Amino acid sequence: MIATIKHNSRNYKIDLTKPLDISIPLKGGDKNVNAWYLDPPKISPHEEDGFVGKVSEGASTNFNDIWFNPHSHVTHTECLGHISEEFNSINKKLKQFFFLAEVITVAPEQMDEDFVISEKQIKYALGNKKRQAVVIRTMPNLGDKRCKKYSDTNPTYLTEAAAKYLVKKGVDHLLIDLPSVDKERDGGELLAHKAFWNMSGKPRTKATITEFIYVPNPVEDGTYFLNLQVAPFENDASPSRPVLYKIENP
């Protein structure tokens, strides 16, 4: 199933039968990815008045309750409502779902006791390219990113200058394989979040940040089309499923 997409006066072809899913699914229990000091997510049959929602235990259907936090337990996309005083919903702010995206791989730099993604690295990786979305894969890119426990590990984060540069380049959608674009313990400064949403000026209400992605190693750096879909939650953030489509050669 080949689709032709016209974008900025150019035609691109993608094969819709070859999606590259870069989301991390939600699982109940300790094998799930986790951050921000929360207990693991729970997926279990609903129980009430002797009813157990499980076919193998006599119910007519499987009927599970799910407890999780999108920021801690799953690939999620967030809007500026994550840090704004007024309520902003990702379901209201994200209205377009298909974007020209660039996948880049970055080996974080050490800065004092931290590891960071710097403006210099972003500049080098993007060059003169202008993209609606940027997908950042950090090195090393091990499979344990899909189940890692990040609390109290001081993960890599994005510098404020790097976030500002992405804004300058016109990037509206930032995707990263980390629990946050900001430092785990920063005293609430949230410098990269605030810079990307331009909270000190005219807020970028249509911009989104997607965290906890996983870009498999066979996915090469380069240009793709991104389909960014979120569950329709009226919340600052929602579980999401970003999918890449490789651009076919003419």
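Going by the annotation in an unreviewed UniProt entry, the name recorded for the protein chain is Cyclase family protein, with Flagellimonas abyssi given as the source organism.

Caption draft 1: Up close: the pairing of strand S9 (residues 98-106). Of all 9 residues that make up S9, 7 are buried, and the element is covered over most of its length. As paired elements, S9 and strand S12 (residues 133-138) share 6 bridges and run parallel to each other. Across the sheet, Val103 pairs through a bridge with Val135, a residue of S12.

Caption draft 2: Focus on unusual backbone geometry. Cis geometry is adopted by the peptide bond preceding Pro140, which originates at Met139 and carries an omega value of -5°. Considering the arrangement of structural elements, one finds Pro140 in the loop between S12 and strand S13 (157-158). Notably, Ser9 is not glycine yet its phi reads approximately 70°, a positive angle. The exposure class of Ser9 is exposed, given its relative accessible area of 70%. Positive phi values are uncommon outside glycine, yet Asn154 reaches one of about 50°.

Caption draft 3: How the structure looks around the layout of surface pockets. Its volume calculated, the largest pocket comes out at about 320 Å³. What lines the largest pocket is a set of 16 residues, among which Pro140, Lys148, Tyr150, Thr156 and Leu178 lie closest to the centre. Here the residues of the lining of the largest pocket are counted per class, giving 8 nonpolar, 4 polar and 4 charged.

Caption draft 4: Layout of the sheet that holds strand S11 (residues 114-117). If you walk across this open sheet you meet the 3 strands as S10-S11-S13, and the pairing is mixed. Each having just a single partner strand, strand S10 (109-111) and S13 make up the two edges of the open sheet. Pairing of S11 with S13 involves 2 bridges; the strand directions are parallel. Bridge pairing in S13 places Val116 opposite Tyr157. Of the strands in this sheet, S10 and S11 are in contact with helix H3 (residues 119-126), which crosses S11 at around 35°.

Caption draft 5: Representation of the pairing of strand S14 (residues 173-176). The two faces of S14 match: His173 and Leu175 on one face and Leu174 and Ile176 on the other face are all buried. Inspection of the sheet shows S12 paired to S14 by 4 bridges, in the parallel sense. In the sheet register, Val135 faces S14, and the bridge partner there is Leu175. Pairing between S14 and strand S15 (residues 208-211): 3 bridges, direction parallel. Counterpart to Leu175 in the pairing with S15 is Thr210. Where the polypeptide runs from S14 across helix H5 (residues 191-196) and back to S15, its parallel neighbour, the crossover connection is right-handed.

Caption draft 6: Spatial organisation of empty space enclosed by the protein. Throughout the structure, instances matching the rule amount to 1 cavity of 30 Å³ or more. Empty space within the largest cavity amounts to approximately 60 Å³. The wall of the largest cavity is formed by Ala35, Trp36, Tyr150, Ser151, Pro155, Pro179, Ser180, Asp182, Lys183 and Glu184. The class makeup of the residues in the lining of the largest cavity is 5 nonpolar, 2 polar and 3 charged.

Caption draft 7: Molecular detail of the nonpolar core. Of all hydrophobic cores here, the largest spans 24 residues; its most connected members are Ile117, Ile122, Ile136, Leu158, Leu166 and Phe196. When contributions to this core are tallied by element, the ones reaching two or more residues are S9, H3, S12, helix H4 (160-168), S14 and H5. In terms of residues, this core owes the most to one element, H4, which gives 4 residues. Not counting the four nearest positions on each side in its chain, Leu158 is found in contact with Ile117, Ile136, Ala163, Leu166, Leu174, Val181 and Ala192. Counting residues in each nonpolar core, the second largest holds 18 residues, with Ile22, Ala133, Val215 and Leu244 among its members.

Caption draft 8: Looking closely at the packing of H3 against H4. Axis separation between H3 and H4 bottoms out at 7 Å; the angle between their running directions is 35°. For the pair H3 and H4, contact is made by Glu119, Ile122, Lys123 and Leu126 and by Ala161, Ala162, Tyr165 and Leu166, respectively. Within the contact of H3 with H4, the residues separate by chemical class into 6 nonpolar, no polar and 2 charged.

Rules of the game
Residues numbered from 1 in each chain as written. Predicted model: local features only at pLDDT ≥ 70, side-chain atom pairs only at ≥ 80, totals over all residues. Heavy atoms only, no water. Buried < 20%, exposed > 50% of the residue type's maximum accessible area, 1.4 Å probe, protein only. Helix = DSSP H or I, 4+ residues; strand = E, 2+ residues; numbered from the N terminus. Pairing = 2+ DSSP bridges. 1 Å grid on protein atoms, 1.4 Å probe; cavity = no way out; pocket = protein on both sides within 12 Å on 5 of 7 lines; lining within 4 Å. Points joined across faces, edges and corners; volume = space filled by probe spheres on them. Nonpolar A, V, L, I, M, F, W, Y, C, P; charged D, E, K, R; others polar. Contact = heavy atoms within 4.5 Å. Axes fitted to C-alpha atoms, helices over the stretch in contact; angles between N-to-C directions. Right-handed = clockwise from strand over helix to strand, strands pointing away. Core = buried A, V, L, I, M, F, W, Y, C linked by side-chain atoms within 4.5 Å.

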